[in-house]
Amino acid sequence: MYNFVGRSFPRHDGFAKASGLAEFTFDIEVPGMLYGRILKSPYAFARVGRIDTSSAEALGAVALTPDDVPDKLFNPRLLSVEEDTYKDWRVLAKVPRYVGEPIAAVAAPTEDTAQRALEALRVEFEEIYDPILDPFKATSPTARPIHERILRGGRWVEVRNNIAAELRYSEGYLETEEERSSVVVERKFHVPRRYHTQLEPKGAVCKLEPDGTLVVWTTTQTIHNTKILISQVYGIPMNRIDVRKVPLGGGFGSSIHTNLVTLIAVGLCLKSRKPVKLVLTREEDMVHDHVSFEFYMRVRAGATKDGSITFGELENVIDVGAHQVQAYPILGTSLGWFISLYKWRAVRYYGRSVYTNKVPSCAIRGYGAPEITWAVETVVDELAEELKIDPLEFRLANYRGKGEIFWGQGPTVKSVIRSDGVPELMARGSELIGWKRRESPKVKTGRFRRGIGVGRGFHTSGAGGPLSGAIIDYTGAIVKVNEDGSVDYITALQDHGGGTLDAHAKIIAEELKIPPSRVRIVWSGTSTTVYDVCTHASRGVFAGGEAARRAALEVKKKVLEYASRILDAVSPEALRIEYDRELDDAAIFVEGAPDKRITLSEVARTAWQRNWGSISASVSYRATVAPPSFTVYFVEVEVDTETGVVRPIKVVAGADVGTVISPELAAGQIHGGFAIGWSWAVGDEVSYLENGVPAHRMSLADYKLPTSMDLPSDDDFVVVFASTYEPYGPFGAKGLGEAASNPVIAAVANAIYNAIGVRLYEIPMTPERILRAIKGGD
Amino acid sequence: MEMRIRFRLNGVVTEVDIEPHETLLNVLRDKLKVKSVKYGCGIGECGSCTVLLDGDPVVSCLVMAAKVDGSEVATPDYIAQTELGKAIVDSMLEEGAVQCGYCIPGFLVTIYAALARGIRDVDEMRKAMVGNICRCTGYVNIVRAVKKTLKRIGSQTPRNAVERPFR
């Protein structure tokens, strides 16, 4: 059906990346640059007095203190509209509110001098307060306010009881539905803070051009929002800031917001008037920069005797740490995921984000969906079990599918589901895993016990919608045909590694009927691209790909118009265009007239020679829907009942992503989505000592990341794609990145239960916790 | 207290002044500007900075630069150009083993070293890679790329890009 969509091509940046020649922020050097270092608060909650920079300056370093940067509150994430943006950050803090909060910074000609200058800074702390680490103690009326007032929509709002944001919602008659229910299950769940473990630590390099333009290279998922934030904080006009797009060594949500390191580097650059490179060590990145949200959830749900779900209730307390990145939006998306999972006839929701004196937390792959899905899929499994209904049938009867409303990213992002591969994925997946051989845990004996579990999830494709809601979501693309018929594709959209931009190149190639190798993906900056909000919400292929397709379509119209002049056709509509395999080019022709045939390259050359002008298009595109991509994962695990260690045996991962643009890269998203979900389920956890310092020495080895020996081998990992078509996506495609990880904790948890007959309501399900559960402890 | 070391870097005799406390990673990246060697953790835990030292894969952040005097060092950008390196890279691209790309040069070196040493068993290869952390791929397509490389090279032992130390 398609020439290029659905076929495999080596990714454009593959050789550069595999050979190490790809330049990441960490690799960028500018002649004459200074190296920056950040002075971080050793206390979780304190007030800084005098900062003596004289010894540092005597070493030849430039020092930056809170007095050197604009006293301006900001939020490092600019995805929400201004009214919903809560601002409580400063570039450098006079009142540090977590261990590691930047207080001052230095820059010097060598790293050694910078480090010595950092150590030469003298900071007096006027006051040191007891840190507040527990989100339930934080809301006590006697707790010290972590923030007294913050800005929301440009207005001061008072913070009460350390509550950063709240959201209540209800729908239907919950009491009536509860009365109708034959079974009701209520459970509490806990998800800890987790570290994203992107392989490239955060960093930034910046310099000033002779004309005063600030050029920035940084670890970001959004170059335009980084530009806007720098402009907001430092008051520089946006056309005097050029944030260049560079490959990103993994994001997983940790660079949706502009990392603080970027703003500090800019401050050092503006003060010194010299180029500055400021990169974090792994330890700094891990201990001081970012973690994911911590959730305390209570879910209550009911169903009737015949197996229809009645009501759902979710209480969701989130520990956001010392500052807001998405404290309010995460409450809305949590509700959105919850409500979109099943056809609840009544819903009650209470969400509360609470400040504590810990590292500010931010989105991690799935943006709350993996956690909510785990809680709901556990309760749903328990309801099915009590009703003695097969968990697959129970899900199929009650999930929100085709024709239902999907909430995308919360109450302001709603759309109707038009493509739904869940029944197909349930059928094919259960066959492949051998669902019928699944036995009750009661009959299992012996030291090693195996179990099979299912988890059904989804994620949105972007945050678009028919109405302009609380989230900004649009993108842009420039497509330009050169004078020889080669094509440049210019976009601000970032590729985290999933191959998003290669999918775009293929989409452009498909529209123009030229080989994808003819489309060059240009890496440029904010000065030369049109606005793209951010690569997040699994929108890269769905929204960005459609923008690219529309730009290609405009270019195609121009090509056909010029071709009709050359071929002497009555109008462009009289022409056909197709990929000519032999010429490896687009052929434009009049049907039935063999002499009336020309290639796209010839059209481009003629347009140049005859002064017809450039063939190019620049589009800005806002998606009017945000369709869900469904995922149904079946997992078989083996639990060692003597050590508590869980091992993956087999994974059957089904995904409904509409048309698959790049099969091997899409499968790669699913493998990686499973891997991160597996590590959330059994390993990832960041905890803190009483003084607010992380509990264990934070290093990658201590953090116990899965290695090639801990995850399923390729023989035991089956990927299934549903045969669906999304009418709003480019050539029928939907998103994937987050859908790939969203059902994993749920499927693994249900598999562990099926193995040992005991459920755990706390992740990670470590060997210690599993043993305790088996032995009947808490 | 500077000292001068002399070693062969990617086949070229290289002399550089170093401080005794400097690591090979720092000298390669900061002094010799070899940026294909990536910094991931600096304490030997992620494998992103893996290079070949006299044919063995080592994490360059744990090797003192002074120690490589008289040795042979090969980095990912060079290895990618060798016959075996090309076979690995081509397999990686065909199997979609490259995602964000930050850890992958380290994998290239590790896989190269294991294959050059004659390992032909997939499970042995998986074991050889435990020191390389990847957060994007779940290792599945990397293992597939290894399998494909094994098929490509068959039983032959490709010529090692790294010759004997020239001391």
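Because the structure is predicted, anything quoted here is derived from the model rather than measured.

Engineer: When you look at the overall build of chain A in this model, what are you seeing that I'm missing?
Structural biologist: What chain A contains, in helices and strands, is 17 helices and 32 strands. Compactness check: chain A gives a C-alpha radius of gyration of 27 Å against a globular reference of 28 Å for 778 residues, within 12% of the reference. If one aligns the C-alpha atoms of chain A with their principal axes, the spans along those axes are about 85 × 75 × 50 Å. Here chain A holds 778 residues, and the buried ones make up 59% of them. Long-range pairs, those at least 24 residues apart, make up 81% of the contacts in chain A between residues at least 6 apart in sequence.

Engineer: I tried to follow the overall build of chain B on my own but got confused; where do I start?
Structural biologist: When helices and strands are tallied, chain B shows six helices and five strands. In sequence order, chain B lays out its α and β elements as β-β-α-β-β-β-α-α-α-α-α. Its C-alpha atoms give chain B a radius of gyration of 15 Å, near enough to 15 Å, the size a compact globule of 167 residues would have. Its C-alpha atoms give chain B principal-axis dimensions of about 50 × 30 × 20 Å. Burial statistics for chain B: of 167 residues in total, 59% are counted as buried. Intrachain contacts of chain B at a sequence separation of at least 6 include 64% that bridge at least 24 residues.

Engineer: What should I look at first to understand the nonpolar core in this one?
Structural biologist: Inside soluble globular proteins, nonpolar side chains tend to come together where they are buried. Counting 309 residues, the largest nonpolar core has V106(A), I508(A), V748(A), I752(A) and L108(B) as its most contacted members. Looking at this core element by element, the count peaks at 13 residues for helix α13 (residues 540-567) of chain A. Discounting chain neighbours no more than four positions away, the residues touching I508(A) are V479(A), V487(A), Y489(A), V519(A), A548(A) and A552(A).

Engineer: Looking at this structure, I do not really get the sheet that holds strand β29 (residues 615-621) of chain A. What am I missing?
Structural biologist: One key point about sheets: their strands pair by backbone hydrogen bonds, in either a parallel or an antiparallel sense. Residues and elements named next belong to chain A. The strand order across the open sheet built from four strands is β25-β24-β23-β29, with neighbouring strands paired in mixed fashion. Both edges of this open sheet fall to β25 (519-522) and β29, since each of them pairs with a single strand only. Averaged over all adjacent pairs, the angle separating strand axes in this sheet is 20 degrees, with direction ignored. Sitting on the sheet, α13 touches β23 (475-481), β24 (487-490) and β29, and the angle it makes with β29 is about 145 degrees.

Engineer: Got a minute to help me understand the domain arrangement of chain A in this structure?
Structural biologist: For an interface, size is often stated in terms of accessible area lost upon the parts coming together. All names here are of chain A. According to the domain assignment, chain A contains domain 1 (18-129 + 200-249 + 255-289), domain 2 (291-466 + 625-774) and domain 3 (474-621). Taken over C-alpha atoms, the centre of domain 2 sits 39 Å from the centre of domain 3. Taken residue by residue, the interface counts 22 residues in domain 2 and 16 residues in domain 3.

Engineer: Honestly, the pairing of strand β30 (residues 628-640) of chain A in this entry has me stumped. Any pointers?
Structural biologist: Looking along a regular strand, one sees the side chains alternate between the two faces of the sheet. Residue and element names in this part refer to chain A. Buried residues dominate β30, accounting for eleven of its 13 residues. Bridging between strand β22 (residues 448-460) and β30 involves 13 bridges; their strand directions are antiparallel. Counterpart to G455 in the pairing with β30 is Y633. Relative to strand β31 (residues 646-656), β30 runs antiparallel, the two sharing ten bridges. Its bridge partner being in β31, F630 is matched across the sheet by D656. Counting the residues in the hairpin turn of β30 and β31 gives five residues, including G644, whose phi is positive at 80 degrees.

Engineer: I would appreciate a short explanation of the confidence of the model for chain B in the present structure.
Structural biologist: Any residue range with low pLDDT should be treated as having predicted coordinates unsuitable for detailed reading. Summarising the model, chain B shows a mean pLDDT of 93, and 93% of its residues fall at 70 or more. Scored below 50 in pLDDT, residues 163-167 of chain B shows eight contacts in the model against residues more than four places distant or in partner chains.

Engineer: Hey, could you run me through the packing of helix α15 (residues 663-682) of chain A against helix α16 (residues 744-756) of chain A in this one?
Structural biologist: In helix packing, the relevant descriptors are the interaxial angle and the interaxial distance, both defined with respect to the helix axes. All names here are of chain A. The contact between α15 and α16 brings their axes to 8 Å, and the two run at 55 degrees. In terms of their interaxial angle, α15 and α16 are classed as oblique. The hand of the α15/α16 crossing is right-handed. On the side of α15, the interface is formed by G673, F674, G677, W678, W680 and A681, while α16 contributes V744, I745, V748 and A749. For the contact of α15 with α16, the class distribution of residues is eight nonpolar, two polar and no charged.

Engineer: Would you explain the sheet that holds β22(A) in this entry?
Structural biologist: Residues and elements named next belong to chain A. Pairing in this open sheet of four strands is mixed, and the strands run β22-β30-β31-β32 from one edge to the other. A strand with exactly one partner marks an edge of an open sheet, and here the two such strands are β22 and β32 (717-721). Within the sheet, the average angular offset between the axes of one strand and its neighbour, ignoring direction, is 15 degrees. The sheet strands contacting α15 are β31 and β32, and the helix crosses β31 at an angle near 135 degrees.

Engineer: I would appreciate a short explanation of the interface of chain A and chain B in the present structure.
Structural biologist: Between chain A and chain B, the residue contacts involve 48 residues of the former and 44 residues of the latter. Every element with two or more residues in the side of chain A that touches chain B is listed here: α1 (14-18) and α15 of chain A. Looking at the side of chain A that touches chain B, the element that brings in the most residues is α15(A), giving nine residues. The residue inventory of the side of chain A that touches chain B, partitioned by class, reads 21 nonpolar, 18 polar and nine charged.

Engineer: Would you explain helix α6 (residues 260-272) of chain A in this entry?
Structural biologist: The periodicity of an α-helix, 3.6 residues per turn, causes residues three or four positions apart to be oriented the same way. All names here are of chain A. Here α6 is 13 residues long and its end C-alpha atoms lie 19 Å apart, about the 18 Å a rise of 1.5 Å per residue gives. Across the 13 residues of α6, eleven count as buried, placing the element largely inside the fold. Taken as a whole, α6 has its buried residues at L260, V261, T262, L263, I264, A265, V266, G267, L268, C269 and S272. Looking one or two residues past α6, R273 carries a phi angle of roughly 60 degrees, positive in sign.

What counts, and where the lines are drawn
Residues numbered from 1 in each chain as written. Chains lettered and ligands numbered in written order. Predicted model: local features only at pLDDT ≥ 70, side-chain atom pairs only at ≥ 80, totals over all residues. Helix = DSSP H or I, 4+ residues; strand = E, 2+ residues; numbered from the N terminus. Rg over C-alpha atoms; globule rule 2.2 N^0.38 Å. Buried ≥ 20, exposed ≤ 12 C-beta atoms within 10 Å, placed from the backbone. Contact = placed C-beta atoms within 7 Å. Core = buried A, V, L, I, M, F, W, Y, C linked by C-beta atoms within 7 Å. Pairing = 2+ DSSP bridges. Axes fitted to C-alpha atoms, helices over the stretch in contact; angles between N-to-C directions. Domains from an automatic or database assignment. pLDDT = per-residue confidence, 0-100. Parallel < 35°, antiparallel > 145°, perpendicular 65-115°, else oblique. Left-handed = near helix turned anticlockwise from the far one by under 90°. Nonpolar A, V, L, I, M, F, W, Y, C, P; charged D, E, K, R; others polar. Expected span 1.5 Å × (residues − 1).

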